Amino acid sequence: MTRRHHPSHLPEERTDSTAPLPPPELTEAECRRCGTYIAGLDGRYACGVCGWVNDHSEGHRRLPRADEDPDRPPKGRRRPKQRPWPLPEPGPEPGPHAGP
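Just so we're clear, the structure is a prediction, and the values are computed from it rather than from any experiment.

With that settled, consider the pattern of salt bridges. A complete count under the given rule lists five salt bridges for this structure. A salt bridge links Arg62 to Glu68; the shortest N-O distance between them is 2.8 Å. Taking the relative accessible area as the measure of exposure, Arg62 reaches 33% and is therefore partly exposed. Between Glu68 and Arg65 there is a salt bridge; the shortest N-O distance is 3.7 Å.

Structure (structure tokens):
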């Protein structure tokens, strides 16, 4: 697969608006690789059959910045670290063994 060269885009002006972003628009198209009928958001697609994904710049509107994410944790607060395994269940404490 060959890569297409896209001309560099000028950075968009940042607005400090607190207005919520409009909801994404559901769009539909055919996969460019296998022809499967697929749906996406705002013109961004990923085919579940063959794995084709279009470039994010082909979307109908700009992607939101991280600070526009309503689920982003507040500044200065980090997510708790996730342990790679579950903690063991607390069991009975071993007591003194009575011998015969």
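Moving on to unusual backbone geometry. For residues other than glycine, phi is negative in most cases, and the peptide bonds are mostly trans. One non-glycine residue, Asp42, lies in positive phi territory at about 55°. Relative to the assigned elements, Asp42 resides in the segment after strand 2 (37–41). For Asp42, a relative accessible area of 9% translates into the label buried.

Cut-off values and rules
Residues numbered from 1 in each chain as written. Predicted model: local features only at pLDDT ≥ 70, side-chain atom pairs only at ≥ 80, totals over all residues. Heavy atoms only, no water. Salt bridge = Lys/Arg side-chain N within 4 Å of Asp/Glu carboxyl O. Buried < 20%, exposed > 50% of the residue type's maximum accessible area, 1.4 Å probe, protein only. Helix = DSSP H or I, 4+ residues; strand = E, 2+ residues; numbered from the N terminus.

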